[in-house]
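Notes for the structure review
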Amino acid sequence: MNHPETWTNAVNNTSLQPWLDEQVALAERIYSAHGDYSRWLLTLEQLSHYTTSETDFSLPVIQIGKRDHLSEQQKNEIEQLLFNLHPWRKGPFNIFGITIDSEWRSDIKWHRMINGITPLQGRRVLDIGCGNGYYMLRMLGAGAAWVLGIDPTILFNMQFKAVTRFINHDIRADLLPIGIDQLPDDLDYFDTVFSMGVLYHRRSPIDHLIKLFSCLRPGGELVLETLVIEGAGDQLLLPETRYAKMRNIWFIPAPQALKTWLHRCGYINIRIVDVSTTSPAEQRATEWMKFESLKDFLDPDDHSKTVEGHPAPRRAILVAQRPGNSKRP
Ligand SMILES: C[S@@+](CC[C@H](N)C(=O)[O-])C[C@H]1O[C@@H](n2cnc3c(N)ncnc32)[C@H](O)[C@@H]1O
């Protein structure tokens, strides 16, 4: 990991420490088992030549280094190296004046969410399915004491390593290349747990919500973001095959159904913070993500539908609390 002293301090003498020690040791083995790892490692090594102490994680475009710190030739070299880690799904980042214009304008979701949740100042945060860590850095920018991200997609881990490699001071964030099923069932630890864009990929959404509950300390807060359908009541959509060309989409509930699920799992103070339809301004193909994107997933004649005829992507953000002194369900 980049900053072992950070997580050691954060988890010292807690139930998390032995598990985390073991995971950090395992991470390198997981990375090196990937067929592209040696290529990515070379890219990361070449990026190590450029470092800065100037960062700002509180801005919509995460800032690392200043444009006039490097020559045009050096910036061209960095740009080419970062392109080696295509596709960039989450961002945007600005690195020494190079803007990584990712597929998702992740700042738009952040803006919808941040004023509806308990302020992150001083909190220990877990971000499940954190992608390349864009939100982890925004969480640090909002004052989080420590952020642990987990994501099993190795390329996104490499992007996080690339972005944080430029920073020559410790950051209070760590990323592990694991999925939620690899987390222990008895963490009872984090003040805030984020699960954004993951629930609809889970075959068993109730088990997912129960696992999230067990990651929280009693009294901690869940921030849940997922696809929803329009409508009142406990309706849900289970696509027969694909949804917006994706094969791995399972349950898409109405917001009220999501509240019922959370209630049944033992959460309290359940609130819907936002419901928004995803727009092509928020998700689109760019130079940094050259594959198909939202507009290719929508019916060309009717953008209220996906190409399969399902309702177009709509996303809800909910917060919910694990009761104080509660046992796990
Ligand atoms: C749609 S993206 C959402 C990324 C980010 N949280 C966001 O909201 O923009 C889903 C992410 O979950 C990750 N993921 C897939 N299966 C997972 C699992 N079992 N546990 C944790 N993360 C998972 C994927 O690698 C991907 O980065």
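Here we summarise the structure given alongside this text. (Residues numbered from 1 in each chain as written. Predicted model: local features only at pLDDT ≥ 70, side-chain atom pairs only at ≥ 80, totals over all residues. Heavy atoms only, no water.)

1. A short note on the sheet that holds strand β3 (residues 93-95)
The strand order β1-β2-β3-β4 describes an open sheet built from 4 strands, whose pairing is mixed. Taken across any chain shown, the strands that pair with only one partner, and hence form the sheet edges, are β1 (55-56) and β4 (98-100). Note: β1 against strand β2 (residues 62-64), 2 bridges, orientation antiparallel. When the sheet's bridge partners are listed, D56 is paired in β2 with Q63. (Pairing = 2+ DSSP bridges. Helix = DSSP H or I, 4+ residues; strand = E, 2+ residues; numbered from the N terminus.)

2. A closer look at the site of the ligand
Lining the immediate environment of the ligand, one finds 17 residues, of which K109, G129, D151, T153 and M196 sit closest. One of the backbone N or O atoms of I180 is found 2.9 Å from a nitrogen atom in the ligand. Protein burial of the ligand: of its 590 Å² of free accessible surface, 84% is covered by the chains. Here the residues of the shell around the ligand sort into 8 nonpolar, 5 polar and 4 charged. (Near = heavy atom within 4 Å. Polar contact = N/O pair within 3.5 Å; in protein donor to acceptor, adjacent residues only side chain to side chain. Areas by Shrake-Rupley, 256 points an atom, 1.4 Å probe, with all protein chains shown as cover. Nonpolar A, V, L, I, M, F, W, Y, C, P; charged D, E, K, R; others polar.)

3. Considering the pattern of salt bridges
Within the structure shown, the criterion is met by 20 salt bridges. A salt bridge links D181 to R202; the nearest nitrogen and oxygen atoms lie 2.8 Å apart. Of this pair, D181 sits in the loop between β7 (173-176) and β8 (190-196) while R202 sits in the loop between β8 and α8 (205-215), and the two are 21 residues apart along the sequence. Look at R202 and you get partly exposed, because its relative accessible area is 23%. (Salt bridge = Lys/Arg side-chain N within 4 Å of Asp/Glu carboxyl O. Buried < 20%, exposed > 50% of the residue type's maximum accessible area, 1.4 Å probe, protein only.)

4. Examining the sheet that holds strand β5 (residues 124-128)
Within a sheet, each strand pairs with its neighbour through backbone hydrogen bonds, oriented either parallel or antiparallel. Overall, mixed pairing links the 7 strands, which are arranged β7-β6-β5-β8-β9-β15-β12 in an open sheet. A strand with exactly one partner marks an edge of an open sheet, and here the two such strands are β7 and β12 (268-277). Recorded for the sheet is a direction-independent mean angle of 15° between the axes of neighbouring strands. As paired strands, β5 and β8 are joined by 4 bridges and run parallel to one another. What sits directly across from I128, in β8, is S195. (Axes fitted to C-alpha atoms, helices over the stretch in contact; angles between N-to-C directions.)

5. Describing the state of the cysteines
Enumeration over the complete set of coordinates arrives at 0 disulfides. C130 carries a free sulfur, and the closest cysteine sulfur to it, the one in C215, is 13 Å from it. C215 sits in the buried class, given a relative accessible area of 0%. (Disulfide = S-S within 2.5 Å.)

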